[in-house]
Structures are given as structure tokens and as C-alpha cells.
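Each chain, written out:
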Amino acid sequence: MSPQQDAATDVAAKRAKVITLIQRKGGSGKSTVTVNLAAVSGENNPPETSDENCPVVAAGIDPQGSLEEWSRRVPEAKLPFDYVVTKGRLQEIPKLVDDPTVERIYIDTPGFMDTDPDADLDADPLGTGRAAEAMKEVLELTDLAVVPITPDFLTHSPAEFTIERVLKPRGVKFVVLINMWDSGSDRLQNDLEELREWCRERNYPFIKHGVRRYKIHAKAPKEGLTVIQYAESGTALRAREDFYKLAIAVEQEI
Ligand SMILES: Nc1ncnc2c1ncn2[C@@H]1O[C@H](COP(=O)(O)OP(=O)(O)O)[C@@H](O)[C@H]1O
Ligand SMILES: [Mg+2]
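Residues numbered from 1 in each chain as written. Chains lettered and ligands numbered in written order. Predicted model: local features only at pLDDT ≥ 70, side-chain atom pairs only at ≥ 80, totals over all residues. Heavy atoms only, no water.

## Some details on the overall build of the chain
Along its length, the chain carries nine helices and seven strands. A sequence separation of at least 24 residues applies to 77% of the contacts in the chain between residues at least 6 apart. (Helix = DSSP H or I, 4+ residues; strand = E, 2+ residues; numbered from the N terminus. Contact = heavy atoms within 4.5 Å.)

This is the structure in C-alpha cells:
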């Protein structure tokens, strides 16, 4: 092999892996999971010297910019990842994927609606327009799509829609994440097991443990915290533990 070929193989092998949070319905935890997964991953992969880029990037294509708003509140020195908000501009994510200093990219996407309710059943539900093109660009680069569902019944059929109409037709590898399950208050209503069963019935792969509902997760954006800054005891420890487990499970899938 020539030195050039060697270099080309190295670059190809170094292509950053892309993990995309996607689910048609808002409020299921896409932004929360993106930021916290990027935080755990970034903590495990710090830059080798202080003037190097972080090998972990969180990217928001969401025009609402929740990722940006949250990340801005976290003091720079405590943010273990870089973040980029494309607001739907094309070409930025492909550039990151090919950047040899980047290893993992976690992407937060907006919810989406079928633009034409009368469209054919087999038409692409992402539709057309800037947000749709941005979503298509990201899906082409995605190594693993993570689809969050919650005990809220209203997140279930949009998750199924996302999988059947958007991910499967494109051949994008996916896994369902059971988010906001309740671990304590009502043991008769076993959220986690019910939602696992929902996945099994459809033959959807799912992350075994999921992410429990904790108030601290909902307060964190305002306080400029990610799970890696939570206290290492009590409830906060349990809340952060879920994301460490999730990060391991995601690494095993890619
Ligand atoms: N595991 C969780 N425990 C508690 N609150 C959560 C959890 N996951 C998400 N939330 C809260 O639920 C709301 C919706 O989450 P968000 O990440 O914004 O969803 P999406 O990006 O899919 O719209 C936010 O207020 C968020 O703080
Ligand atoms: Mg969001």
C-alpha cells in the first residue's frame, strides 16, 4: 500500500460516528438525551491538549435552538463537548463527519409533521423545504438513530411512524429509548416493562435500561448543568447513572 493509500484508509476509518435523536413528537426527550449523552461521551474523550478541539460534538439542526440555549448556560470550562447549531443550513454536518479530529456527533432534530396530509402512504413524510432537507442530510450520515418514547401514550404512534416511514425505508439502524419511566411511585403500573413489551411486539430493538424520570433532568437546562455535573450521591446519582448506562449501550450499537 502506498503512503497515500494508507492515509486514505486512516481517514476513512476515522470518520466520526453519528448518533441522531429522532422522533416526530416533541416533548419525548430528544434534546435532553442529546446534551447528556454528548456530556458523558465528552467526559470520556477529552481533547489531548487544551488547545485541541473536543472530539465530541453535539449538533442541533432544530430551528428552536434548545441545544444552543442550554449549552450556552453551561460555563465553558465545564462543557466537555463542542456544539454547533446549524438552524437547517446544509453541508455543516457532512464537514464535521469528515473532520479527522471529531469522533462522535450527537444530533438533536426537531419534531416533524407530514406537510401534506393527503400525500400517498408511501410518500416521504419528511416532505420538502429547508428543515426537511436538513433532516435528510443528517439521516444519510446517521450510524444509529435513537427514538425516544415515554409512558405518555401520545409518544407511541409518532415513534412507530418515525421508524416505519422514515428510518426503515432509508435503512437507518435504530434503537428505541424508553425515557421518563417512573421507577417508584406506582409499582402496579410498571412503565418500563409495558414499554419494553411495546417494543417486543413490534420487533423493535430497545435500550434495556432506559432513562428514568427525575425532576433534576428538567431543571438542568435552566441551571446550566449536564448530568456529569450532578451530585454523586442520592437521587442525582441515580439520575446520572442512567445516562452512563445509556452511553455504554449506544457505544455497543455503533
Ligand atoms: N428523563 C427525564 N426526566 C425528567 N424530565 C425529562 C426527562 N427527559 C426529558 N425531560 C423533560 O421533558 C421535557 C421535554 O424534553 P425535551 O428533551 O425538550 O424533548 P424534545 O427535544 O423531544 O422536545 C423537557 O422539559 C425536559 O426537561
Ligand atoms: Mg427538542
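Anyway, onward from the coordinates.
## A look at the environment of Lys245
As for its position among the elements, Lys245 is in helix 9 (residues 234–253). Between the C-alpha atom of Lys245 and that of Leu37, which follows or precedes it by 208 residues, the distance is 10.0 Å.

## A short note on the sheet that holds strand 2 (residues 56–60)
Ordered by their spatial adjacency, seven strands build an open sheet running 3-2-4-1-5-6-7, and the pairing between neighbours is parallel. A single partner strand is all that each edge strand has here, and the edge strands are strand 3 (82–85) and strand 7 (211–212). Judged from the five bridges that link them, strand 1 (residues 17–21) and strand 4 (residues 104–108) form a sheet pairing that is parallel. Within strand 4, the position partnered with Leu21 by the bridge is Asp108. Each of strand 5 (144–149) and strand 6 (174–181) touches helix 7 (residues 191–201); the most contacted strand, strand 6, lies at about 160° to it. (Pairing = 2+ DSSP bridges. Axes fitted to C-alpha atoms, helices over the stretch in contact; angles between N-to-C directions.)

## A short note on the site of ligand 1
Around ligand 1, the surrounding shell holds 15 residues, and the nearest of these are Gly27, Lys30, Ser31, Thr32 and Arg212. At a separation of 2.9 Å, a nitrogen atom of ligand 1 approaches a polar backbone atom of Arg212. When ligand 1 sits alone it has 560 Å² of accessible area, and the protein chains cover 77% of it. Examining the composition of the shell around ligand 1, we find that three residues originate from one element, helix 2 (residues 30–44), more than from any other. Residue composition of the shell around ligand 1, by class: four nonpolar, eight polar and three charged. (Near = heavy atom within 4 Å. Polar contact = N/O pair within 3.5 Å; in protein donor to acceptor, adjacent residues only side chain to side chain. Areas by Shrake-Rupley, 256 points an atom, 1.4 Å probe, with all protein chains shown as cover. Nonpolar A, V, L, I, M, F, W, Y, C, P; charged D, E, K, R; others polar.)

## Description of the side chain of Ser28
Mapped onto the secondary structure, Ser28 falls in the loop between strand 1 and helix 2. Since its relative accessible area comes to 0%, Ser28 is described here as buried. Beyond its immediate stretch of four places on either side in the chain, Ser28 contacts Gln23, Pro148, Thr150, Thr155, Asn179 and Met180. (Buried < 20%, exposed > 50% of the residue type's maximum accessible area, 1.4 Å probe, protein only.)

## Side note on helix 9
Spanning 20 residues, helix 9 covers 30 Å between terminal C-alpha atoms, matching the ideal 28 Å at 1.5 Å per step. The complete set of buried residues in helix 9 reads Ala236, Ala239, Arg240, Asp242, Phe243, Leu246, Ala247, Ala249 and Val250. Buried residues in helix 9 make contact with strand 1, helix 2, strand 5, strand 6, strand 7 and helix 8 (215–223). (Expected span 1.5 Å × (residues − 1).)

## Describing a negative patch on the surface
Judged by side-chain charge, Glu48, Asp51, Glu52 and Glu103 come together as a negatively charged surface patch. Locating Glu52 in the fold gives a position in the loop between helix 2 and strand 2. (Patch = residues over 30% accessible without salt bridge, like charges linked within 9 Å, V, L, I, M, F, W, Y side chains within 5 Å. Salt bridge = Lys/Arg side-chain N within 4 Å of Asp/Glu carboxyl O. Lys, Arg positive; Asp, Glu negative; His and termini not counted. Charge placed at Lys NZ, Arg CZ, Asp CG, Glu CD.)

## Concerning the nonpolar core
It is characteristic of soluble globular proteins that their nonpolar side chains tend to be buried jointly. The biggest cluster of nonpolar side chains holds 39 residues, and the ones touching the most others in it are Ile22, Ile93, Ile105, Ile107, Ile149 and Leu167. Not counting residues within four places of it along the chain, the set of residues in contact with Ile22 comprises Lys30, Thr109, Phe112, Met135, Leu139, Ala145, Val146, Val147, Pro148, Thr162, Val166 and Leu167. The next biggest cluster of nonpolar side chains, apart from the first, holds 35 residues, and it includes Leu21, Val33, Ala58 and Phe81. (Core = buried A, V, L, I, M, F, W, Y, C linked by side-chain atoms within 4.5 Å.)

## Quick look at the packing of helix 2 against helix 9
For the pair helix 2 and helix 9, interaxial distance at closest approach is 9 Å and the crossing angle is 80°. One finds that helix 2 runs roughly perpendicular with respect to helix 9. Every residue of helix 9 that contacts helix 2 at Thr32, Val33, Asn36, Leu37, Val40 and Glu43 is listed here: Phe243, Tyr244, Leu246, Ala247 and Val250. Of the residues in the contact of helix 2 with helix 9, the class split is eight nonpolar, two polar and one charged. (Parallel < 35°, antiparallel > 145°, perpendicular 65-115°, else oblique.)

## Section: the pairing of strand 4
With five of five residues buried, strand 4 lies mostly within the body of the structure. Of the two faces of strand 4, both are covered, the one formed by Arg104, Tyr106 and Asp108 as well as the one formed by Ile105 and Ile107. Sheet analysis places strand 2 next to strand 4, joined by five bridges and oriented parallel. Within the sheet, the bridge partner assigned to Val57 lies in strand 4 and is Ile105.

## Observations concerning the pattern of salt bridges
Under the counting rule described, the total for this entry stands at 17 salt bridges. Glu68 is paired through a salt bridge with Lys87; the nearest N and O atoms lie 3.2 Å apart. Within this pair, whereas Glu68 is found in helix 3 (residues 66–73), its partner Lys87 is found in the loop between strand 3 and helix 4 (92–98), the two being separated by 19 residues in sequence. Of the residues examined, Glu68 reaches a relative accessible area of 24% and is grouped as partly exposed.

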